[in-house]
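# Coordinates in review
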Amino acid sequence: MTDRRIASVCIVGGGTAGWMTAAALANRLAGLDVAVRLIESEEIGTVGVGEATLPHIRAFNTTLGIAEPELMRATEATYKLGIEFCDWGRIGDRYIHPFGNYGPVDDGIPFYHQWLRLRAMGDTSRLDEYSYPVIAAEQNRFRHPASEPGRVESSFGYAYQFDASLYAAFLRRYAEARGVERSEGKVVDVALDGGNGFVRNVTLADGRVIGADLFIDCSGFRGLLIEGALQSGYDDWSRWLPCNRAVAVPTESRGPLGPYTRATARTAGWQWRIPLQHRVGNGHVYCSDFISDDDAQQQLIDHLDAPMQAEPRRLRFTTGRRRDFWKRNVVAIGLAGGFLEPLESTSIHLIQDGITELLGLFPDRGFAAEDIDEYNQRMALHFERVRDFLLLHYVATQRDDSPMWRHFRALTLPDSLRHKIDTWRTRGYVVPYQFGLFLPPSWIAVMLGQGLVPGACDPRVAGMAAGALVKRAAALRAEVADAVRATPDHADYIRRSPAAAGLAA
Ligand SMILES: Cc1cc2nc3c(=O)[nH]c(=O)nc-3n(C[C@H](O)[C@H](O)[C@H](O)COP(=O)(O)OP(=O)(O)OC[C@H]3O[C@@H](n4cnc5c(N)ncnc54)[C@H](O)[C@@H]3O)c2cc1C
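Residues numbered from 1 in each chain as written. Predicted model: local features only at pLDDT ≥ 70, side-chain atom pairs only at ≥ 80, totals over all residues. Heavy atoms only, no water.

Turning our eyes to something else, we now look at the sheet that holds strand β20 (residues 320-322). The 3 strands lie next to each other as β14-β20-β23, forming an open sheet whose pairing is antiparallel. Each edge of the open sheet is held by one strand with a lone partner, namely β14 (234-236) and β23 (338-339). In this structure, β14 lies alongside β20, joined through 3 bridges in antiparallel fashion. Each residue of the ladder has a partner; that of Tyr234, found in β20, is Arg322. Across the sheet, helix α10 (residues 369-395) is in contact with β20 and β23; its angle to β20 comes to roughly 175°. (Pairing = 2+ DSSP bridges. Helix = DSSP H or I, 4+ residues; strand = E, 2+ residues; numbered from the N terminus. Contact = heavy atoms within 4.5 Å. Axes fitted to C-alpha atoms, helices over the stretch in contact; angles between N-to-C directions.)

As structure tokens, this is what we get:
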């Protein structure tokens, strides 16, 4: 039998996507005699933003055998319990989308149905009061989840807010220690096989020619191989998510250290605030149809809460995804595969999805069309699910105070999102996806947080005795409040742990 195993992989690009991919391949292909090489160009550099993550990144790091304190020290990381959204439903509103549930699930019915019933009876408690991570975040407290199921302190997940450039550098050390070869240089030419159109090799500016069986395009927005050489095509989703620019700036750390990222809606976009140990990352994502670059930058500066540490940096992007993430012998991961604005911190997660799916369908040199199709369908779904969830934030709102918000009022939604919102409105049912990143509690957080309250609760809850519901709810609120009172301050928790870096100073 002919040996058709992949013997060499070349990753083009050394940003977060490139080094995450390199580290994962070094780990998962260890002992299989596959040579992995990464090419990066210091002259071109990386996108240099991307600080907020999702809880799934912990599984990625654990698989690689990376210890949390070591990672946090190396990347100036803080803990993240969710995202605070300000001014989204209406100006003055705020809510936290937590990594966790609201109350328990009784007989298959999530607790928020009981809350809806209580609310209809005149109860004024916030749904947040039944969520340990929301109340802990509001009070700037953090602890690791308890291992005993049933305790409210076990009802949440957490992620990190970190310096993504330091994360890439950390993974570079990891990957190089496990045999990944790095070539510094700028790719100036990509040669295709005259027969099957596969990428055969790339040429660097100094004349070096690097060939491989499998190429992974992590070259960022430009998509050097997937688009530049193979013309995969791009599905532009600007009609749904029109924000296309950002301006980013770090500031000094001031005040309490929040275990959450903040996203504040503005007139033509939104502003992020991400606290790390040694600084705060800030940025304004906006749509150039509705605000000029200078005004967007000024709006960002006007809303900073501490002195800037550097000059603001401007970035441009087009929301969407490659038509083919995988074409012939090239797989695009990271910004080379597509981009969705960072409102829910999903980009690094989509890198992780790309790597996981690739490892699951790792090819041989036959590059079976079925595997490629499956990969492309899966990645398309990953992106579409995130797109719908992001769009929800812009359409579940009463805001109409600027041209951007009026634009969203008039928008025709993707059918998948329309269906989800309509079903929610009638009786508070969240249509579960077979496949997709954000689970019902996330949808509930945003829909209720932005004032999309359903007309009724689950009929089974409507039949429950009112007195028992009131008593139960009070007990749950007390349990959350007590647990949060016993939770340490976030900054102290890090400072006293081996995860302390900038905070130790
Ligand atoms: C404004 C903004 C905010 C964001 N915030 C978040 C966030 O909070 N959370 C999150 O998860 N994600 C966020 N992201 C996304 C995140 O930054 C990216 O997903 C992540 O950094 C991965 O980027 P990348 O590695 O694909 O590309 P890049 O960082 O652009 O890296 C591309 C690499 O390719 C190399 N390269 C390019 N061309 C060549 C060439 N010709 N020869 C050799 N090398 C080449 C470059 O040198 C570089 O090493 C944000 C993105 C933007 C734009």
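The discussion continues.
This part covers the environment of Ile351. Turning to its location among the elements, Ile351 is positioned in helix α9 (residues 347-360). Distance from Ile351 to Ala17, taken between C-alpha atoms, is 6.0 Å for residues 334 residues apart in sequence. Those residues within four positions of Ile351 in sequence are excluded, and the remaining contacts are Thr16, Ala17, Met20, Ile333 and Gly334.

Now for the sheet that holds strand β22 (residues 330-332). Spatially, 6 strands are ordered β9-β2-β1-β13-β22-β21 in an open sheet, and the strand pairing comes out mixed. Looking at the sheet topology across the chains shown, the edges are occupied by β9 (181-184) and β21 (326-327). Where β21 meets β22, 2 bridges bridge the pair, whose relative direction is antiparallel. Its bridge partner lying in β22, Trp326 is registered against Val331.

Lining the immediate environment of the ligand, one finds 33 residues, of which Gly14, Val49, Ala52, Val187 and Ile348 sit closest. Backbone polar atom of Ser41 to an oxygen atom of the ligand: 3.0 Å apart, as the coordinates give it. Note that a nitrogen atom of the ligand is positioned 2.7 Å from one of the backbone N or O atoms of Ala52. Taking 1,000 Å² as the accessible area of the ligand by itself, protein coverage stands at 97%. At the level of elements, α1 (16-28) and α9 are the ones that each hand at least two residues to the shell around the ligand. (Near = heavy atom within 4 Å. Polar contact = N/O pair within 3.5 Å; in protein donor to acceptor, adjacent residues only side chain to side chain. Areas by Shrake-Rupley, 256 points an atom, 1.4 Å probe, with all protein chains shown as cover.)

Before going further, it helps to spend a moment on the pattern of salt bridges. Applying the stated criterion to the full structure yields 37 salt bridges. Here Lys186 ties to Glu43 by a salt bridge, and the two come within 3.5 Å at their closest N and O atoms. With a gap of 143 residues between them, Lys186 in the loop between β9 and β10 (187-192) and Glu43 in the loop between β2 (35-40) and α2 (56-63) connect regions that are remote in the sequence. In this structure, Arg314 engages Asp294 in a salt bridge whose closest nitrogen and oxygen atoms are separated by 2.8 Å. Taken together, the residues span a long stretch of sequence, with Arg314 in strand β19 (residues 313-316) and Asp294 in helix α8 (residues 293-302) at a distance of 20 residues. Overlapping salt bridges bring together Glu84, Arg94, Arg126, Asp128, Glu138 and Arg262 as one network. (Salt bridge = Lys/Arg side-chain N within 4 Å of Asp/Glu carboxyl O.)

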